[in-house]
Amino acid sequence: MRKHRFILILLAGCLFLFAGCTPTRERPEETGESGNRLLLGFAQIGSESSWRIGNTRSVQEAAEQHGIQLMMSDANQKQENEIRAIRQFIAYQVDVIAFVPIVEEGWENVLLEARNAGIPVILSDRQISGTIDESLYTTYVGADFYAEGKKAGEFLLKKAEQSEKETLHIVELLGTPGSTPALQRERGFHDVIAGDSRFEMLEAVSGDFLRSKGKESMEKLLEKWGSEIDVLYSHNDGMTLGAIDAIESAGLRPGKDIVIITVDGEQAAVDLLKEGKINCVVECTPMLGDLIMELTEKLAAGEEVPRVIHPEETMFTEYDDLDGIPSRGY
Ligand code: GYE
């Protein structure tokens, strides 16, 4: 039975994604074991980074452990695909919808549809624009990106104390334009270093959270600014790894000629921190699956849940004892 329902859902998913129409079919008759399981519709944005892949895995594993049936879609980095998937979840009358808003703007209509259908909505990982009607979603679970940006800035303050240079010239690789992590990681960092004459921004460019674009953007920055660059602040590890390739190809030493500050905490970045090629890794955990499933259970039972849940996060720097860092798992 469970299998049949899954196949039905999958087939319908393909149909709706390809036909681009609003489905009118109702959730299939619930029978047998699968009928008692909660159904969670989860709209993921894609697989742009190891962080994201770890996030998807965390959601899948937690659903399995909690016995929650998962209807998951991959938007391939397109907001319109995400909106279409959410409409599909509504048509299927899922118990709860969770989604990762790729950017902050543009969700009003589809969230109104979810509210009219009486389906609670969890924002996972990213937020939506602050001006939106608050009743359009129930809860947010994800990182405090502003705090992450501040941690990055605070590390730089410490690093500057030990630098012989009078001025440190900074380049910044920004995440996806209009997304919460890009907006808040930028703001938190600049709020900390603002007004301090030891720092000078050379340029900030987007690398879209992609390794390939991080490399490309860093190549351009190096062509333009060369060895004037003292600091790279990058909004995610994927872009940082690409940038490090570009820095080494340009004959410079990452972590030494250029101070490198990155966010996420992927295994690959922590390994490079240990090698001295990265100076600071601000942690952002993708392991949100358990929290999402707990929220799903509570919402389906009609219980109250907190409006905002931030998982605990830390940072790893060259000043710390790095031997004890447990395997990152993403
Ligand atoms: O930092 C990046 C990913 O939204 C926090 O998205 C997430 C970010 C993460 O692609 O690696």
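Residues numbered from 1 in each chain as written. Predicted model: local features only at pLDDT ≥ 70, side-chain atom pairs only at ≥ 80, totals over all residues. Heavy atoms only, no water.

Engineer: Help me understand the sheet that holds strand 5 (residues 139-141) in this model?
Structural biologist: Two orientations exist for strands paired in a sheet by backbone hydrogen bonds: parallel and antiparallel. Strand order in the open sheet formed by 6 strands is 2-1-3-4-5-11, with parallel pairing between adjacent strands. The sheet terminates laterally at strand 2 (69-74) and strand 11 (308-309), the two strands that pair on one side only. As paired strands, strand 5 and strand 11 are joined by 2 bridges and run parallel to one another. Paired with Val-141 across the two strands is Ile-309, which belongs to strand 11. (Pairing = 2+ DSSP bridges. Helix = DSSP H or I, 4+ residues; strand = E, 2+ residues; numbered from the N terminus.)

Engineer: Any chance you could explain the sheet that holds strand 8 (residues 231-234) here in plain terms?
Structural biologist: What the 6 strands build is an open sheet, ordered 7-6-8-9-10-12; its pairing is mixed. Looking at the sheet topology across the chains shown, the edges are occupied by strand 7 (199-206) and strand 12 (315-317). The average angle at which neighbouring strand axes cross in this sheet is 15°, direction not considered. Contacting strand 6 (168-174), strand 7, strand 8, strand 9 (259-264), strand 10 (280-283) and strand 12, helix 5 (residues 145-161) crosses the sheet at an angle of about 160° to strand 9. (Axes fitted to C-alpha atoms, helices over the stretch in contact; angles between N-to-C directions. Contact = heavy atoms within 4.5 Å.)

Engineer: For this particular structure, what's the right way to read empty space enclosed by the protein?
Structural biologist: With a probe scaled to a water molecule rolled over the atoms, the places where space remains empty come into view. Under the definition given, this model contains 1 cavity of 30 Å³ or more. By volume, the largest cavity is sized at about 90 Å³. Along its surface, the largest cavity is lined by 13 residues, and Trp-51, Arg-52, Arg-126, Arg-185 and Asp-264 are the ones closest to its centre. Elements that contribute at least two residues to the lining of the largest cavity include exactly helix 2 (50-66) and helix 6 (180-193). Here the residues of the lining of the largest cavity are counted per class, giving 5 nonpolar, 2 polar and 6 charged. (1 Å grid on protein atoms, 1.4 Å probe; cavity = no way out; pocket = protein on both sides within 12 Å on 5 of 7 lines; lining within 4 Å. Points joined across faces, edges and corners; volume = space filled by probe spheres on them. Nonpolar A, V, L, I, M, F, W, Y, C, P; charged D, E, K, R; others polar.)

Engineer: Looking at this structure, how should I read the site of the ligand?
Structural biologist: Taken together, the neighbourhood of the ligand is formed by 13 residues, with Glu-48, Arg-126, Arg-185, Asn-236 and Asp-264 sitting nearest. In the model, an oxygen atom of the ligand is placed 2.9 Å from a nitrogen or oxygen of the Asp-125 side chain. Separating an oxygen atom of the ligand from a side-chain N or O atom of Arg-126 is a distance of 2.8 Å. When isolated, the ligand has an accessible area of 300 Å², and the protein chains bury 100% of it. (Near = heavy atom within 4 Å. Polar contact = N/O pair within 3.5 Å; in protein donor to acceptor, adjacent residues only side chain to side chain. Areas by Shrake-Rupley, 256 points an atom, 1.4 Å probe, with all protein chains shown as cover.)

Engineer: How do you make sense of the pairing of strand 4 (residues 121-124) when you look at a structure like this?
Structural biologist: A two-sided burial pattern is seen for strand 4, the buried positions comprising Val-121 and Leu-123 on one face and Ile-122 and Ser-124 on the other. Note: strand 3 (residues 96-99) against strand 4, 3 bridges, orientation parallel. For Ala-98, the partnering residue across the bridge sits in strand 4 and is Ile-122. Note on the crossover from strand 3 through helix 4 (residues 108-116) to strand 4: the handedness is right-handed. Sheet topology places strand 4 next to strand 5; 3 bridges connect them, and they run parallel. Looking at strand 5, one finds that Leu-123 is bridged to Tyr-140. (Buried < 20%, exposed > 50% of the residue type's maximum accessible area, 1.4 Å probe, protein only. Right-handed = clockwise from strand over helix to strand, strands pointing away.)

Engineer: Help me understand the pattern of salt bridges in this model?
Structural biologist: Think of it this way: side chains of opposite charge can pair up when their charged atoms draw near. Tallied over the entire structure, the rule returns 21 salt bridges. Notably, a salt bridge pairs Asp-208 with Lys-213, separated by 3.2 Å at the nearest N-O pair. Lys-213 sits in the partly exposed class, given a relative accessible area of 31%. A salt bridge links Lys-277 to Glu-275; the shortest N-O distance between them is 3.9 Å. Overall, the relative accessible area of 25% leaves Lys-277 in the partly exposed class. Residue classification places Glu-275 among the exposed positions, given a relative accessible area of 51%. Salt bridges sharing common partners tie together Glu-48, Arg-52, Asp-125 and Arg-126. (Salt bridge = Lys/Arg side-chain N within 4 Å of Asp/Glu carboxyl O.)

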